[in-house]
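Observations on the model geometry
Chain residues, written in single-letter form:
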Amino acid sequence: MSVETAAVSRNKRPISVTILAWIYIAVGALGVIFHFHGLLGQGAFPWGGLSVELVEVIAIVCGAFMLRGHNWARWLAVAWIGFHVVISVGAWRELAVHSLICGVIIWILFRPAAVRYFRGN
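Section: the packing of aromatic side chains
According to the stated counting rule, one finds four aromatic pairs in the structure shown. Measuring from ring centre to ring centre gives 5.0 Å for Trp 75 and Phe 110, while their planes differ by 65°; the resulting arrangement is edge-to-face. Linking Trp 75 in helix α4 (residues 71-87) with Phe 110 in the loop between α5 (92-109) and α6 (112-119), this pair joins segments that are 35 residues apart in sequence. Here the basic side chain of Arg 111 rests over the ring of Trp 107, its NZ or CZ set 4.7 Å away from the ring centre.

Here you go:
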């Protein structure tokens, strides 16, 4: 196997990463659309609404750059779901769901094939 062939096979994006990245993009986009009405009703200083929109945009950025193989996007995606775990403390059902999702995301993003993919760029 030539060096060029090895580089191509090493950087092949795992399907689990592709699916997860598109889920991040979809969740972010749907969140922006769903929460946009909150911005309109906030008056002159919509800081609360803007912070929610920022969190949703971060999800879109995570997904887009994970598709491109950027390692920082993988870590930002973990931080994004970790943030949701933290803000769920006190609501046991939400905490359980977010913790489970966080575990699945970490498992997907740190499997050997994903590590190789993100190491390539």
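Alright, that's what it looks like, and here's the rest.
Observations concerning a nonpolar patch on the surface
Judged by side-chain polarity, Ile 15, Ile 19, Ile 23 and Val 27 come together as a nonpolar surface patch covering roughly 370 Å² of accessible area. Here Val 27 lies in helix α2 (residues 15-40).

Examining the environment of Phe 65
Following the sequence through the fold, Phe 65 ends up in helix α3 (residues 47-67). Separated by 44 residues in sequence, Phe 65 and Ala 21 place their C-alpha atoms 8.2 Å apart. Apart from the residues within four sequence positions on either side, Phe 65 is in contact with His 70, Trp 72 and Ala 73.

Considering α6
Every buried residue of α6 is accounted for by Ala 114, Tyr 117 and Phe 118. Each buried residue of α6 lies within a common arc of 90° when the element is viewed along its axis, so the set occupies one face. Across from the buried face of α6, at angles greater than 90 degrees, the exposed residues are Pro 112 and Arg 119.

Quick look at the nonpolar core
Core analysis: the biggest nonpolar cluster contains 24 residues, and Val 17, Tyr 24, Met 66, Leu 109 and Phe 118 have the highest contact counts within it. Taken together, the elements giving at least two residues each to this core come down to α2, α3, α4, α5 and α6. Sort the elements by how many residues they give to this core and α4 lands first, with six residues. Not counting chain neighbours up to four residues away, the residues in contact with Met 66 comprise Val 17, Ala 21, Tyr 24, Ala 73, Arg 74, Ala 77, Leu 109, Tyr 117 and Phe 118.

Observations regarding the confidence of the model for the protein chain
Per-residue pLDDT for the protein chain averages 87, and the proportion of residues at 70 or more is 81%. With pLDDT under 50 throughout, residues 1-8 is counted as low confidence; its partners more than four residues away or in other chains account for two contacts.

Some remarks on the environment of Gly 82
One can find Gly 82 in helix α4. Considered as a pair, Gly 82 and Gly 103 are 21 residues apart in the sequence and their alpha carbons are 9.6 Å apart.

What counts and how
- Residues numbered from 1 in each chain as written.
- Predicted model: local features only at pLDDT ≥ 70, side-chain atom pairs only at ≥ 80, totals over all residues.
- Heavy atoms only, no water.
- Phe/Tyr/Trp six-rings, centres within 6.5 Å; stacked < 30°, edge-to-face > 60°.
- Helix = DSSP H or I, 4+ residues; strand = E, 2+ residues; numbered from the N terminus.
- Lys NZ or Arg CZ within 6 Å of the ring centre and 35° of its normal.
- Patch = residues over 30% accessible without salt bridge, like charges linked within 9 Å, V, L, I, M, F, W, Y side chains within 5 Å.
- Areas by Shrake-Rupley, 256 points an atom, 1.4 Å probe, with all protein chains shown as cover.
- Salt bridge = Lys/Arg side-chain N within 4 Å of Asp/Glu carboxyl O.
- Contact = heavy atoms within 4.5 Å.
- Buried < 20%, exposed > 50% of the residue type's maximum accessible area, 1.4 Å probe, protein only.
- Arc of directions from axis to C-beta.
- Core = buried A, V, L, I, M, F, W, Y, C linked by side-chain atoms within 4.5 Å.
- pLDDT = per-residue confidence, 0-100.

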